[in-house]
Amino acid sequence: MKRTRALRTLLSQYKLLAITAVLLVFMAFVRGEFFGVENLINIITNMSINGILSIGMTLLMIAGCFDISLGSILVLSGAVSIIALRIASVPVALLLGISSGVLMGILNGVLVAKFKINSFIATLGTMVIFQGATFSVTNNKPVATDSDAFQAFAMHNVAFGIPRLVFYFVIAILIIWVIARFTRLGKFAYAIGGNIEACRRVGIKVDLYLIGFFAISGLFGSFGGVALASKIQAASAIFGDNIGLLVIAAIVIGGVSLSGGVGKVGGVVQGIILIAIMDTMTNFLGLVGYYQLLFRSLLLLGVILYDVLSVRQAEQRLERLAVETLRRLERKEVG
Amino acid sequence: MLDALRRLGRRVILFFLGNSIVIVFIVLCVVMGFASNKFFTTRNWMNILANFSVTGIVSIGVAIVMIAGGLDLSFGPILGSCAILATLFQPNSFALAILLPIVLGAALGSVNGLVIARAGTNPLVTTLGTQWLFYSALMIITDGHLVQGNQKTFFKEIGYGRVLGVPFPPILMVIVCILAWFILRHTLFGKYVYAHGSRQRALSYAGVNTKNVYLFAYLVMGIIIGIGGVLFSSREIGVRPTEGSTYLIPVLTAVILSGVSLSGGIGSVFNVMIAALTLGVLDNAMVLLAVDYKNQLMVRGIIFILAVIYNGLMVMQRDFYLTRLSQRR
């Protein structure tokens, strides 16, 4: 009994890693070249930007809100940094790009926390605004740069062909993990996501914290945007289409509840790794095009169904336990 | 006499506080009437009406689901697949070209409804998943290619025909709107939809099977989107599988602008139609006023956010007004 329960919690915590492992074993038999060093480095480089975005929004989702405008924040900050490069030095351009994302995050936060607009509606509106602003500043065309120093920001080879981008991703994971695990900010994220009204009654400055979580999400979003601009040396308003929803889906796959209060940074990292492996796998198996999206949607639907069913099972187990205990007590009283 | 007048005044105030989109629409029209002398011409209005009928019809369907307390992101690919099916059957059979898309819409809509109602998953993530599922399936099946139909069939009359000088698309939109209004306000199912949106638990305590309410709401949405797909297909030479998804933002904007509450229970399909028209007028205004194309999207977004804030303020005002009225008594 106890052992099955332990197994069950282990499975629910590491189910994504288990799927990843199965997929990897499958690939080892079918396509051995999947494990070439170059391919593995490619996979982790490609997942880094989406990873940074997802990790950055994790706290916000734990607090029960989300940010669909993330894709637009990504493109606007990238465009800002590339345009700033024309008149400013590389560090100034980077700083401008990243701080623009923080400002956009704060705007989202103010709309949600102060104007009491549902985060879906508010960020849907700002998504259109930020994308429109990108169209305006880029004059409706992609903007590009050829600055090597700017490209080095993301793609400088640190060691063994691994670019800086991957290390940014690792640092992002560490920062958010520490915040979620050890700081008051992280505890309040869980508390606000769990019961926002109760937090308000206790005197937690809910509005301020919510704006803060939106700002963090914007910060990582714009960091990812600047890194993407630096990686491909260009920015365009259409790069961000769907990114917000893809990131939300990745976080949900990682086990964060959409209504807030539940979720772990480790789970989100597992989700990101699984999605990256799956995407590369479909390419390797020759399923080009929309098969990536197909598998991703099946994974998303599978995970949410699994979660709902496992919660229901747990509830039924608890109920059975309660009934049993009551019966035992009754028997004792009679005896 | 005075009392009757006062009661009428109250009703007018309450109407405008509760339907702020009507004010936005009227103000926009009046401003445009002064700004451009081309605005209030018959031709211009025929254009606006005909171009925004598909958005209007799809918005009405999505609004029903949102009034029931759900949410749908998958209507884009559903619209796309219905339109493609209509285009495929249009050269051969008029009846099939109308019937099959509606059946397909109903089927895809009830896939959403089944998962959300039976398993109890969150509508937003579920329909996000089904959106990608439908979209990628559609792209894989059509290989991303344009699907072309025959130009010279009776089917085209749906999109370009006129009844007494009025283009048929807006007439179809009004018919769908009246039907939806009738279903929502005058049938038991409609009452359940509103009740489900505002107090799901109360409805289930009253002995209603709440799972079926969701299922039917998504089913009705699918049927209405199927009608939208037929109209869409008849107005285009050919349909690209990506085209349905371009409706995602306009439709959600129209539904939210109309004052449908995201938590459900509040909303009116007539307002949804007016909100879709407002978007049409806004697009038309930007063309007439020669707003630079690169700035149009930003203007749209800013007006959307301002309208949402305005709507929130009006709802608050209405609540104040109602409490003051009840205190006076």
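Residues numbered from 1 in each chain as written. Chains lettered and ligands numbered in written order. Predicted model: local features only at pLDDT ≥ 70, side-chain atom pairs only at ≥ 80, totals over all residues.

Draft legend 1. The arrangement of the overall build of chain B in detail. Counting its secondary structure elements, chain B contains 15 helices and four strands. A compact globule built from 329 residues should have a C-alpha radius of gyration of about 20 Å, and chain B, at 21 Å, falls within 12% of that. Taking the principal axes of its C-alpha atoms as reference, chain B extends roughly 65 × 55 × 40 Å. Here chain B, with 329 residues, has 49% of them falling under the buried criterion. Restricting to contacts in chain B with at least 6 residues of sequence separation, those with at least 24 account for 80%. (Helix = DSSP H or I, 4+ residues; strand = E, 2+ residues; numbered from the N terminus. Rg over C-alpha atoms; globule rule 2.2 N^0.38 Å. Buried ≥ 20, exposed ≤ 12 C-beta atoms within 10 Å, placed from the backbone. Contact = placed C-beta atoms within 7 Å.)

Draft legend 2. Quick look at the overall build of chain A. Per the secondary structure count, chain A includes 13 helices and four strands. In terms of overall size, chain A behaves like a compact globule, its C-alpha atoms giving a radius of gyration of 22 Å where 335 residues would be expected to give roughly 20 Å. The dimensions of chain A, computed from C-alpha atoms along their principal axes, are 90 × 55 × 35 Å. Looking at the 335 residues of chain A, the share that counts as buried comes to 47%.

Draft legend 3. Looking closely at the interface of chain B and chain A. At the interface, 33 residues of chain B touch 35 residues of chain A. Breaking the side of chain B that touches chain A down by element, the ones donating at least two residues are α7 (123–142), α13 (248–257) and α15 (293–328) of chain B. Looking at the side of chain B that touches chain A, its residues break down into 22 nonpolar, nine polar and two charged. (Nonpolar A, V, L, I, M, F, W, Y, C, P; charged D, E, K, R; others polar.)

Draft legend 4. Main features of the nonpolar core. Membership of the largest hydrophobic core comes to 200 residues, with the highest contact counts inside it found for A:Leu210, B:Ile64 and B:Ala217. Leaving out residues up to four positions away in the same chain, B:Ala217 has contacts with B:Ile64, B:Val65, B:Ala68, B:Gly70, B:Gly113 and B:Val193. (Core = buried A, V, L, I, M, F, W, Y, C linked by C-beta atoms within 7 Å.)

Draft legend 5. View of the confidence of the model for chain B. Here chain B averages 87 in pLDDT, while 100% of its residues score no lower than 70. Model confidence for the complex is summarised by a pTM of 0.87, with the ipTM given as 0.85. (pLDDT = per-residue confidence, 0-100.)

Draft legend 6. Just unusual backbone geometry, in detail. Residue and element names in this part refer to chain A. Positive phi, normally seen in glycine, also occurs at Lys 116, with a value near 55°. In this structure, Lys 116 sits in the loop between α4 (90–113) and α5 (119–137). On the neighbour-count criterion, Lys 116 (12 C-beta atoms within 10 Å) is exposed. Positive phi values are uncommon outside glycine, yet Asn 140 reaches one of about 70°. Within the element layout of this structure, Asn 140 appears in the loop between α5 and β1 (143–144).

Draft legend 7. A look at the environment of A:Gly78. Residue and element names in this part refer to chain A. Among the secondary structure elements, Gly 78 is positioned in helix α3 (residues 70–84). Exposure remark for Gly 78: the 32 C-beta atoms within 10 Å place this residue in the buried category. Residues Gly 78 and Ala 93, spaced 15 residues apart in sequence, show a C-alpha to C-alpha distance of 9.7 Å.

Draft legend 8. Expanded view of the packing of helix α4 (residues 53–67) of chain B against helix α9 (residues 168–186) of chain B. Residues and elements named next belong to chain B. Following both chains from N to C, one finds α4 and α9 inclined at 10°, their axes separated by 8 Å at the closest point. The angle between the axes of α4 and α9 places the two elements in the roughly parallel class. Mapping the contact onto sequence places Ser 53, Gly 56, Ile 57, Ile 60 and Ile 64 in α4 and Pro 169, Pro 170, Leu 172, Met 173, Val 176, Cys 177, Ala 180 and Leu 184 in α9. Taken together, the residues of the contact of α4 with α9 break down into 11 nonpolar, two polar and no charged. (Axes fitted to C-alpha atoms, helices over the stretch in contact; angles between N-to-C directions. Parallel < 35°, antiparallel > 145°, perpendicular 65-115°, else oblique.)

Draft legend 9. Representation of α3(A) within the structure. For α3(A), with 15 residues, the first-to-last C-alpha span of 21 Å sits near the 21 Å given by 1.5 Å per residue. For α3(A), the tally of buried residues reaches 13 of 15 residues, placing the bulk of the element in the interior. (Expected span 1.5 Å × (residues − 1).)

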